[in-house]
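# A look at the structure
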Amino acid sequence: MKAQACQPCAEGTYSLGTGVRFDEWDEVPHGFANVATNLEVDDGFGDTVENCTASRWVPLGDYVASNTDECTATLMYAVNLKQSGTVTFEYIYPDSSIVFEFFVQNDQCQPTVEESRWMRTTEKGWEFHSVELSHGNNVLYWRTTAFSIWSKVPKPVLVRNIGITGVAFTSECFPCKPGTYAPAAGSSSCQLCPADTFSTKGATTCQPCDPASYAEPGSASCKPRPPCTDKDYFYTHTACDSHGETQLMFKWAEPKICSEELPQAAQLPPSGGRTKCPPCNPGFAKANGSACQPCPYGSYSNGSGCLSCPVGTEPALGLEYKWWNVLPPNMETTVLSGINFEYKGMAGWEVAGDYIYTAAGASDSDFMILTLVVPGFSPPSPVLEDAESKEVARITFVFETICSVSCELYFMVGINSRTNTPVETWTGPRGKQSYTYVVEKNATTSFTWAFQRTPYHEAGRRYTSDVAKLYSINVTNVIGGVASFCRRCVPEPAGSCAPCPPGNVLDRGSGTCRPCPPGTYLRRHPPDGTPTCHPCGPGTRSNQLRSLCYSDCRLTLPLRGRSLRFEFPALGTGAAFATGPSFTGKGRKYFREFRLGLCGSQGRKVASCTDNVTDARLPAGAGDPARVVTSYVCQAIVVPPDGTGSRPPVSSQPVSLADRLLGVTTSSMLDGIVTPPEYFPPGHPDLPDIIFFFRSTDVTQPCSGGRATAVRLRCDPLRPGTGTLSVPKKCPEGTCDGCTFHFLWVTSDACPLCSPSHYHPITSACLGGTQKTTFVWREPRLCRGGRGLPPQEVRSCHPVDFWFKMGISGGSGLALLLAALAAYFWKKNQKLEYKYSKLVLDAAAKEHELVAPDSCAIMEGEDIEDELVFATKKSLFGKIKSLTSKRTSDGFDSVPLKTSPGSTGVEL
């Protein structure tokens, strides 16, 4: 400052010129704000919001580590730049279960560098990150929010060497911190001391440790060497020599920090024991030399010799390793430090003949890494986009873990050199077992095994006897692979083999492709291993290619003795639902989002979950924009936006829960999947739930048969659109056992199509000569769409007084008719009485011998019109009157008779 000129810093010091650097983290440096908050409020829904005051970024010497709980921890630094500058830092971001963001705001709290907000997960060690800063006030934010998958604590984010340029010119040089040195003047940074050396503050050189002590790189002091034990060395095998033998070798674990010269120290066992080499791996054979060589295309081998495939067959290409004399050329091994996540130049796995196992690392917290790289896959049959399974290959390995503490074995998969994604984790000792992973994308794929003995760092090696062993690895359909057997195929005219088209199965008898019948689909990997035509489940049909079964959103199901028609195409677009409070019970910091799609055109899956945290920030053209899981049902973790709006919602960890439709039925069980009705409130008794049953090809350790999902579709006309989705109250994560997921989807789209049985008529009174019939829905209405209500019917009618008059008239006429009939039958009765009286008189006359009149009655056989006539013609009323007036006092009727000729008329 006195000379007003810039001068180089002396040896043992450094300067950024117009900047500052923070590389010592024994405590949070001055000027940094370290806060933790829970951005959610306690609204009485679910668990109580967690107290986050104790959740901060933690300084750990050379770096600062983030929180690993569900609180939001923010490390802030405000700086005023005199000119435009930059901020740089190094970071380790190994676990996508933490959302890590870095952003800059000005003094008006407006973001200035939004494009670099979301940080990428790191693949190998520390990564460098740089962001341009503008002139004026800048506030830097390092923010993390963690969430756990299946109750697993994620690994923290580490940050170190934060440098900022563009500040006021510095007036002093900073001394190098202990463990570093600056050998020349004018240094802008200090260098780490190498192993077995140390330095104090402001050092220009590093001092060597004495032979009885050691120091790790960047140490400020030396430590005494402990005596060697049997945990400080390991064994391996050399490559086969010309005599077909291998030599057993013992090696000290690197870096060697123990001393053999101390009392009671273990000595390295002698090497040199020779044993016969194991045979070659399947698909390989020994050529002229002693090394195993791959068999040429068109042949196969069990490890002893190459044989040509018979006619009508083709080699099943793949990679199978079950003998471990040397590490295969497409496999590599290394060690990742469990302290600062730096890779070390040493082997993490060693061969042991019939298995490969984890060697002794620098410390028990190191990750022993083994990686297998496959250039691509060539499936025997084309893989369709909407097929039951997009399987292009599968990897199967047999492993074992021997542990005395909480060791962990990770299996990870990377696509096109992208970030390795953890697929499965095994904790603690595990017996010898097999695991299979299905590959669904044809790309360069890396398979990684990482073994950590303990997550807690302690000096020395205590648990090197805790090991992970891999006995065999088998990858199918590998491009450029070898074959251990040949499979039948359809011969082409040129003599080569052709794959069967989708939905066709090979007829082994005729050697031709036979299409699967309608209602069946080609099952590529049934339990017996032979592709077969498998029948579709209830409520589903096969697509035209017979590659899968699907529900086309139109169902006819028998319910209570009748058939109901359902159509719900709107549900094929999917629905999202977040279970609400945090699923670990520590506050509402993030949500499980379930995205569902039940059916679609030809079975296309329409639900998808995306990870836009760890992969979405790749530059254009670097591959897929994000990791997307497409399936009928999938789950993602959603981190909500903060209250200030500076952070949008993000989602991560997409997991497929259902990618194959099994069937649609009203039963609570299908194909071994059970969804108890008591998991949800009861529905309407007259309309049971329609249940969609699914399975997923993702096989996990607890779910050896894959995950299963049951979606109950319940009709509620009052829930328009997609309605609501819920999970069982007793299983807030949607599953009670981790393998079978249960959902209740209540929506009006789940109601059957309306039919005449869903409405009834109401007839009105006759008003003004017309009568109306109106049709109304039966309540509660349990249908939608379909057949609508018929229009109102109107017909003519007569009022009540008209029918009353008509009744009186009709009654009067009926009374007159009855009276006439009575008179008629009375008259007939009188005639019968006359006949009877005549017969009585004839009988009396014969008895007194009186002479009977010539003709006084109608004799048998005579015509009544010829023999009996009335004196005069009269009306019916007159005849009745004359009959009553001519009755004599003795009770007999007076009837005029027609006399015979020559006699006079008389009255009887």
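Residues numbered from 1 in each chain as written. Predicted model: local features only at pLDDT ≥ 70, side-chain atom pairs only at ≥ 80, totals over all residues. Heavy atoms only, no water.

On to the overall build of the chain. For the chain, the count of helices and strands is three helices and 66 strands. Classification of the 908 residues of the chain by burial places 45% in the buried group. Contacts in the chain between residues at least 24 apart in sequence constitute 66% of all its contacts with a sequence separation of at least 6. With the model as given, the accessible surface of the chain reaches about 45,600 Å², and the carbon-plus-sulfur share is 56%. (Helix = DSSP H or I, 4+ residues; strand = E, 2+ residues; numbered from the N terminus. Buried < 20%, exposed > 50% of the residue type's maximum accessible area, 1.4 Å probe, protein only. Contact = heavy atoms within 4.5 Å. Areas by Shrake-Rupley, 256 points an atom, 1.4 Å probe, with all protein chains shown as cover.)

Further remarks concern a positive patch on the surface. Taken together, the side chains of Lys-827, Lys-828, Lys-831 and Lys-835 present a region of like positive charge at the surface. Note that Lys-835 resides in helix α1 (residues 800–848). Relative accessible area serves as the criterion here: at 48%, Lys-835 is assigned to the partly exposed category. (Patch = residues over 30% accessible without salt bridge, like charges linked within 9 Å, V, L, I, M, F, W, Y side chains within 5 Å. Salt bridge = Lys/Arg side-chain N within 4 Å of Asp/Glu carboxyl O. Lys, Arg positive; Asp, Glu negative; His and termini not counted. Charge placed at Lys NZ, Arg CZ, Asp CG, Glu CD.)

As a further point, take a nonpolar patch on the surface. Taken together, the side chains of Leu-814, Leu-817, Leu-818, Leu-821, Tyr-824 and Phe-825 make up a nonpolar region of the molecular surface, amounting to roughly 620 Å² of accessible area. Locating Leu-818 in the fold gives a position in helix α1.

In this structure the tally under the stated criterion is 17 disulfides. There is a disulfide in this structure between Cys-193 and Cys-206, and the S-S distance comes to 1.9 Å. The chirality of the disulfide connecting Cys-193 with Cys-206 is left-handed, given an S-S dihedral of about -80°. With Cys-193 in the loop between β14 (191–192) and β15 (197–198) and Cys-206 in the loop between β15 and β16 (207–208), the pair connects residues that are 13 residues apart, well separated along the chain. Classification of Cys-206 by relative accessible area gives buried; the value is 18%. (Disulfide = S-S within 2.5 Å.)

A separate point is the sheet that holds strand β21 (residues 274–276). Within a sheet, each strand pairs with its neighbour through backbone hydrogen bonds, oriented either parallel or antiparallel. On the basis of which strands lie adjacent, the open sheet formed by three strands has the order β19-β20-β21 and antiparallel pairing. Only two strands of the sheet have a single partner each, and these edge strands are β19 (233–237) and β21. This sheet shows a mean twist of 30° between the axes of neighbouring strands, independent of strand direction. Relative to strand β20 (residues 245–252), β19 runs antiparallel, the two sharing five bridges. When the bridges of β20 are listed, Thr-236 appears paired with Met-249. (Pairing = 2+ DSSP bridges. Axes fitted to C-alpha atoms, helices over the stretch in contact; angles between N-to-C directions.)

The next point concerns the sheet that holds strand β54 (residues 650–658). Taken in spatial order, the four strands line up as β49-β50-β53-β54 in an open sheet, and their pairing is antiparallel. Looking at which strands have only one partner, the edges of the open sheet turn out to be β49 (575–578) and β54. The mean inter-strand angle of the sheet, taken between neighbouring strand axes irrespective of direction, is 25°. Here strand β50 (residues 591–596) pairs with strand β53 (residues 633–639) via six bridges, running antiparallel. Directly across from Phe-594, in β53, lies its bridge partner Gln-635.

Moving on, we come to the pairing of strand β7 (residues 85–92). Within β7, eight of the eight residues are buried, which leaves the element mostly enclosed by the surrounding structure. The two faces of β7 match: Gly-85, Val-87, Phe-89 and Tyr-91 on one face and Thr-86, Thr-88, Glu-90 and Ile-92 on the other face are all buried. By the bridge criterion, seven bridges tie β7 to strand β9 (residues 127–133) in an arrangement that is antiparallel. Bridge pairing in β9 places Phe-89 opposite His-129. As defined by bridge partners, β7 adjoins strand β11 (residues 158–165) across five bridges and the pair is classed as antiparallel. Note on β11: the bridge partner recorded for Ile-92 is Leu-158.

So, about the pattern of salt bridges. The final tally for this structure, using the stated rule, is 15 salt bridges. Taking the shortest distance from any N to any O, the salt bridge between Arg-595 and Glu-593 comes out at 3.7 Å. Residues Lys-838 and Asp-842 are paired through a salt bridge, measuring 2.4 Å at the closest nitrogen-oxygen approach. One end of the pair is Lys-838 and the other is Asp-842, both in helix α1 and four residues apart, which spans about a single turn. With relative accessibility at 8%, the residue Lys-838 sits in the buried group. The class for Asp-842 is partly exposed, based on a relative accessible area of 25%. Taken together, the shared-partner salt bridges in this structure form one network comprising Arg-541, Asp-552 and Arg-554.

For residues other than glycine, phi is negative in most cases, and the peptide bonds are mostly trans. Here the amide bond leading from Glu-254 into Pro-255 is cis, since omega sits at -5°, within 30 degrees of zero. Examined against the element boundaries, Pro-255 turns out to sit in the loop between β20 and β21. Cis geometry marks the peptide bond from Glu-779 to Pro-780, where omega comes out at -5°. Tracing the sequence through the fold places Pro-780 in the loop between β64 (770–777) and β65 (784–786). Its identity as a non-glycine residue notwithstanding, Asn-161 has a phi of 50°, on the positive side. By the secondary structure assignment, Asn-161 is in strand β11. Exposure remark for Asn-161: the relative accessible area of 25% places this residue in the partly exposed category. Despite not being glycine, Asn-477 shows a phi value in the positive range, around 55°. Tracing the sequence through the fold places Asn-477 in the loop between β37 (467–476) and β38 (482–488). Judged by relative accessible area, Asn-477 falls into the buried class, the value being 11%.

In the sheet, strand β63 (residues 759–763) pairs with β64 via five bridges, with the strands oriented antiparallel. When the sheet's bridge partners are listed, Tyr-759 is paired in β64 with Trp-777. Hairpin geometry of β63 and β64 is characterised by an intervening segment of six residues between the two adjacent antiparallel strands and by a positive phi of about 65° at Gly-768.

Considering the arrangement of structural elements, one finds Asn-442 in the loop between β35 (430–439) and β36 (445–452). At 2.8 Å, the side chain of Asn-442 and the backbone oxygen of Phe-377 are in polar contact. (Polar contact = N/O pair within 3.5 Å; in protein donor to acceptor, adjacent residues only side chain to side chain.)

A word on the packing of aromatic side chains. Taken as a whole and assessed by the stated rule, the structure comprises 40 aromatic pairs. Relative to Trp-142, the ring of Phe-32 has its centre 6.3 Å away and its plane inclined at 40°; by these criteria the two rings are tilted. In this pair, Phe-32 sits in strand β3 (residues 32–37) while Trp-142 sits in strand β10 (residues 136–146), placing the two residues 110 residues apart along the sequence. Consider the rings of Phe-411 and Tyr-437, whose centres lie 6.1 Å apart with planes at 70°: the pair is edge-to-face. Separated by 26 residues along the polypeptide, Phe-411 in strand β33 (residues 408–415) and Tyr-437 in strand β35 bring together distant segments of the chain. Its guanidinium or amino end placed over the ring of Tyr-471, Lys-432 lies 4.1 Å from that ring's centre, counting from NZ or CZ. Its guanidinium or amino end placed over the ring of Tyr-355, Lys-469 lies 4.4 Å from that ring's centre, counting from NZ or CZ. (Phe/Tyr/Trp six-rings, centres within 6.5 Å; stacked < 30°, edge-to-face > 60°. Lys NZ or Arg CZ within 6 Å of the ring centre and 35° of its normal.)

Before going further, it helps to examine the side chain of Glu-408. Along the chain, Glu-408 falls in strand β33. A distance of 2.4 Å separates the side chain of Glu-408 from the side chain of Tyr-410, its partner in a polar contact.

This part covers the environment of Thr-313. For Thr-313, the position within the fold is in strand β26 (residues 313–321). Separated by 198 residues in the primary sequence, Thr-313 and Gly-511 place their C-alpha atoms 9.9 Å from one another. Setting aside chain neighbours within four positions, we find Thr-313 in contact with Cys-486, Arg-487, Arg-488, Cys-489 and Cys-497. A distance of 2.5 Å separates a polar side-chain atom of Thr-313 from the backbone oxygen of Pro-310.

The subject of this paragraph is the side chain of Thr-18. Summarising the element assignment, Thr-18 is placed in the loop between β1 (13–14) and β2 (19–22). Residue Thr-18 is classed as buried on the basis of its relative accessible area of 18%. Excluding residues within four positions of it along the chain, Thr-18 makes contact with Gln-83, Ile-164, Thr-165, Gly-166, Val-167, Ala-168 and Phe-169.

To continue, consider the confidence of the model for the chain. Looking at the chain, the pLDDT average stands at 80 and 82% of residues meet or exceed 70. Predicted confidence is poor over residues 616–623, with pLDDT under 50, and the contacts of this stretch with residues over four places away or in other chains come to 13 contacts. Note that pLDDT drops below 50 for residues 854–858; the model gives that stretch 12 contacts with residues more than four away or on any other chain. (pLDDT = per-residue confidence, 0-100.)

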